[in-house]
Amino acid sequence: MGVGKTTIGKQLAGLLSRPFVDVDAEIEARCGADIQWIFDMEGEQGFRSRETKVLQDLVATNHASVIATGGGVVLKSVNRKILRSNGQVVYLSVPKQQLYERMRKDKSRPLLQVDNRQQVIDQLIEVRDPLYRKVADIEFLAEGGPAVKVAKKLLEELSKH
């Protein structure tokens, strides 16, 4: 959450001349509602079920695409299996302090609509970080600079694998 998956993913897709797909955007398009509404109506479990279905559909129909997932996609083992078996998986990360600053005023992420965002971010990282490390082919520090510059550095790393 907040590391730049969509922004950097779009840039990377452009550099590779490949289509870009965002799982969260696809969920919203299919539902005709934003992520916050889905969380409000169906809870996190309902959202995660939709996320799995969309991820399955996207990997089946979008070969050679750059796909940006939501930050919590790794919470379900079925999603981790899908990711591992369908191309290179990049774990984008940023230092915690940078993440705190990026998320300080965010109103679009349901899990952060609480008083102590920093505590929630710490808890999310604690749970998700080991899962991303297990599934990722590449761990990439995506801190600072223009997105196109970060994407070019990522492309260099990808070409080594």
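Placed above this text is the structure.
A brief structural summary. Positions within a chain are numbered from 1, following the residues in the order the chain's sequence is written. Given that the model is predicted, a residue must reach a pLDDT of at least 70 before its local features are reported, and side-chain atom pairs must reach 80 or more before they are shown or counted; all residues, however, enter totals for whole chains, interfaces and linings. Note: side-chain values were computed over all heavy atoms of the structure, leaving out hydrogens and water.

1. Some thoughts on the packing of helix H5 (residues 96-103) against helix H6 (residues 117-135)
Packing of H5 against H6 brings their axes to within 10 Å, and their N-to-C directions diverge by 130°. In terms of orientation, H5 lies oblique with respect to H6. As for the relative orientation of H5 and H6, their crossing is right-handed in sense. Contacts between H5 and H6 involve Lys96, Leu99, Tyr100 and Met103 from the former and Arg117, Gln118, Ile121, Asp122 and Ile125 from the latter. To obtain an axis, a line is fitted to C-alpha atoms, over the contacting stretch when the element is a helix, and the angle between two such axes runs from 0 to 180 degrees between their N-to-C directions. Secondary structure follows DSSP: runs of H or I at least 4 residues long count as helices, runs of E at least 2 residues long count as strands, and numbering of each begins at the N terminus. For classification, angles of less than 35 degrees are called roughly parallel, those exceeding 145 degrees roughly antiparallel, those between 65 and 115 degrees roughly perpendicular, and all remaining angles oblique. Definitions for this section: a left-handed crossing has its near helix turned counterclockwise from the far helix by less than a right angle. A right-handed crossing has that turn clockwise. Contacts between residues were defined by any pair of non-hydrogen atoms, one from each residue, lying within 4.5 Å.

2. Let's talk about the side chain of Arg80
Along the chain, Arg80 falls in helix H4 (residues 77-84). Each residue gets one of three labels from its accessible area relative to the maximum for its type: buried under 20%, exposed over 50%, partly exposed in between, using a 1.4 Å probe on protein chains only. A residue counts as positive if it is Lys or Arg and as negative if it is Asp or Glu; His and the chain ends are not included. Salt bridge, as used here: a side-chain nitrogen of Lys or Arg that lies within 4 Å of a carboxyl oxygen of Asp or Glu. In this structure, Arg80 is buried with no salt-bridge partner, the nearest side chain bearing the opposite charge being Glu51 at 10 Å. Each polar contact in these results corresponds to two N or O atoms within 3.5 Å; when the atoms are within protein, one needs to be able to donate a hydrogen and the other to accept it, and residues that are neighboring in sequence are counted only if both atoms are side-chain atoms. In this structure the side chain of Arg80 is engaged in a polar contact, spanning 2.5 Å, whose partner is the backbone oxygen of Val74. The residues contacting Arg80, other than those within four sequence positions of it, are Val74, Leu75, Leu131 and Val135.

3. Observations concerning the packing of aromatic side chains
Aromatic pairs are defined between Phe, Tyr and Trp rings, using the six-membered ring for Trp, whenever the two ring centres lie within 6.5 Å; interplanar angles under 30 degrees are classed as stacked, those over 60 as edge-to-face, and all others as tilted. In the structure shown here, the tally under the stated rule is 2 aromatic pairs. With centroids separated by 5.0 Å and ring planes inclined at 35°, the aromatic side chains of Phe39 and Phe47 adopt a geometry described as tilted. Phe47 matches Phe39 in its accessibility class, with the two residues each being buried. Note on Tyr91 and Tyr132: the rings are 4.9 Å apart at their centroids and 10° apart in plane angle, and the pair reads as stacked. With Tyr91 in strand E3 (residues 90-93) and Tyr132 in helix H6, this residue pair connects regions lying 41 residues apart in the sequence. When its relative accessible area of 11% is taken as the criterion, Tyr91 is described as buried. A relative accessible area of 9% places Tyr132 in the buried class.

Keep in mind these values describe shape, not function.
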